[in-house]
Amino acid sequence: MTEKKFSKYILYAIGEIVLVVIGILIALSINNWNKSSKIDGKNILIDPMFGNVPAPHPLLGENRFNKEFPLEIEQLPQIDAVIYSHNHYDHLDYESVLKIKNKTRHFYTPLGVGNHLKAWGIPYAKITEMDWWQEAKFETLKLVCTPAQHFSGRNINNSQSTLWSSWVITSENENIYFSGDSGYAPHFKEIGEKYGPFDLALMECGQYNQMWSDIHMMPEETAKAGIDVKAKKIMPIHWAGFKLALHNWKDPIMRVKAKADELNIEVIAPQIGQEIIVKDSITTYPNWWKDL
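Residues numbered from 1 in each chain as written. Predicted model: local features only at pLDDT ≥ 70, side-chain atom pairs only at ≥ 80, totals over all residues. Heavy atoms only, no water.

**Points about the sheet that holds strand β10 (residues 141-146)**
Note the following rule: Each pair of strands is called paired provided DSSP finds at least two bridges between the two strands. Put simply, DSSP marks the helices as runs of H or I at least four residues long and the strands as runs of E at least two long, and each gets a number from the N terminus on.
The 7 strands are arranged β9-β10-β11-β12-β13-β14-β15 in an open sheet whose pairing can be described as mixed. Across the chains shown, the open sheet's two edge strands, defined by having one partner strand only, are β9 (135-138) and β15 (266-267).

**Structural notes on the nonpolar core**
Applicable threshold: Residues enter a nonpolar core if they are buried and are Ala, Val, Leu, Ile, Met, Phe, Trp, Tyr or Cys, with the set joined through side-chain atoms within 4.5 Å. Only protein chains enter the accessibility calculation, which uses a 1.4 Å probe; a residue whose area is less than 20% of its type maximum is buried, one above 50% is exposed, and one in between is partly exposed. Any pair of residues with heavy atoms lying within 4.5 Å of one another is described as a contacting pair.
Ranked by size, the top nonpolar core spans 25 residues in total, and within it Tyr-177, Met-203 and Ile-234 carry the most contacts. Looking at this core, the elements with two or more residues in it are α3 (187-195), β13 (200-204), α4 (219-228) and α5 (251-263). Among residues more than four places away in sequence, those in contact with Ile-234 are Leu-200, Ala-201, Met-203, Thr-222, Ala-223, Gly-226, Val-256, Ile-265, Glu-266, Val-267 and Ile-268. Of all hydrophobic cores here, the second largest spans 23 residues; its members include Ile-44, Met-130, Leu-141 and Leu-143.

**A short note on the pairing of strand β5 (residues 42-46)**
Counting buried positions along β5 yields 5 of 5 residues, so the element is predominantly enclosed. In β5, alternate side chains face the same way, and those of Lys-42, Ile-44 and Ile-46 on one face and Asn-43 and Leu-45 on the other are all buried. Bridge count for β5 against strand β6 (residues 79-83) is 3 bridges, and the pairing is parallel. The partner of Leu-45 across the bridge, within β6, is Val-82.

**Side note on the side chain of Thr-146**
Note the threshold: Throughout this description, a polar contact denotes any pair of N or O atoms lying within 3.5 Å of each other; where both atoms belong to protein, one of them has to be capable of donating a hydrogen while the other can accept it, and for residues adjacent in sequence the pair is counted only when both atoms sit in side chains.
Relative to the elements of secondary structure, Thr-146 occurs in strand β10. Among the polar contacts made by the side chain of Thr-146, one reaches the side chain of Ser-166 at a distance of 2.6 Å. Polar side-chain contacts of Thr-146 include one of 3.3 Å to the backbone nitrogen of Trp-167. Setting aside chain neighbours within four positions, we find Thr-146 in contact with Trp-132, Trp-133, Ser-165, Ser-166, Trp-167, Val-168, Tyr-177, Ile-191 and Tyr-195.

**Some points on the pattern of salt bridges**
To keep it simple, the criterion reads: Salt bridge, as used here: a side-chain nitrogen of Lys or Arg that lies within 4 Å of a carboxyl oxygen of Asp or Glu.
This model, assessed by the stated rule, comprises 8 salt bridges. The salt bridge partner of Arg-105 is Asp-80, with a shortest N-O separation of 2.8 Å. A residue pair is termed long-range when its members are at least 10 positions apart, and Arg-105 in strand β7 (residues 104-110) and Asp-80 in strand β6 qualify at 25 residues. The salt bridge partner of Lys-259 is Glu-262, with a shortest N-O separation of 2.9 Å. Of this pair, Lys-259 and Glu-262 both sit in helix α5, 3 residues apart, which is roughly one turn of that helix. Look at the salt bridges and you will find they share partners, linking Lys-42, Asp-80, Arg-105 and Glu-139 into a network.

Next up, the structure:
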């Protein structure tokens, strides 16, 4: 994978993992966004889950759809910061943490999630836990832990014992929003009023069902939430890496695009490994999933 010198900001789509290199996002995986982005020259991973099964044991879940990543953990450069939204297995993965912990400078989590990292060998001095609406300065970046409507837990004994969140990542030139997992609720408008408009919003769009719509948005709600946060464009995430619900694989992306067209908000859907320049208004994204 090559890095295009289009301004100094890029985002790579590495699946459902996003590597933020501010300004540039790379779609590393596209279900849970192991999101990777480079911002102000800094490499940032969002919810990096490089494992095959989002469960405590391989027999308790299905394998991810993609067999390989365009960029393996071992090939990643130093990671300046890792940001987690909550502690579910499809977002916080033990094996992935072990592989990145020695090349990561700092970890940011909602309250309580840092205890998992500490138990897995990460010094607490490298972990910052935050409550909703708290702000932190990471060198030239501002990070804000913002609300989400979800839940937490990794076994039957620790449900709701840690916080869940969305995040705002702001540099001098870019403003990015990451929804985390969330049902559709008034917090999106509040975040938009406080921290919008956003150049790009990474919005949850997948693993939904009407029976649990309080904790996962339906695709049409994803588009509406993009309007609420005042996003100039949205990138649907959490839809193509794992099967965690009963809907068709293409259903999330087709429905969110249809609703977004109705609401007149731009949707970008990069292929795994594709670079995304946050403020790029030229690149077009084909409907690559249609023939799969």
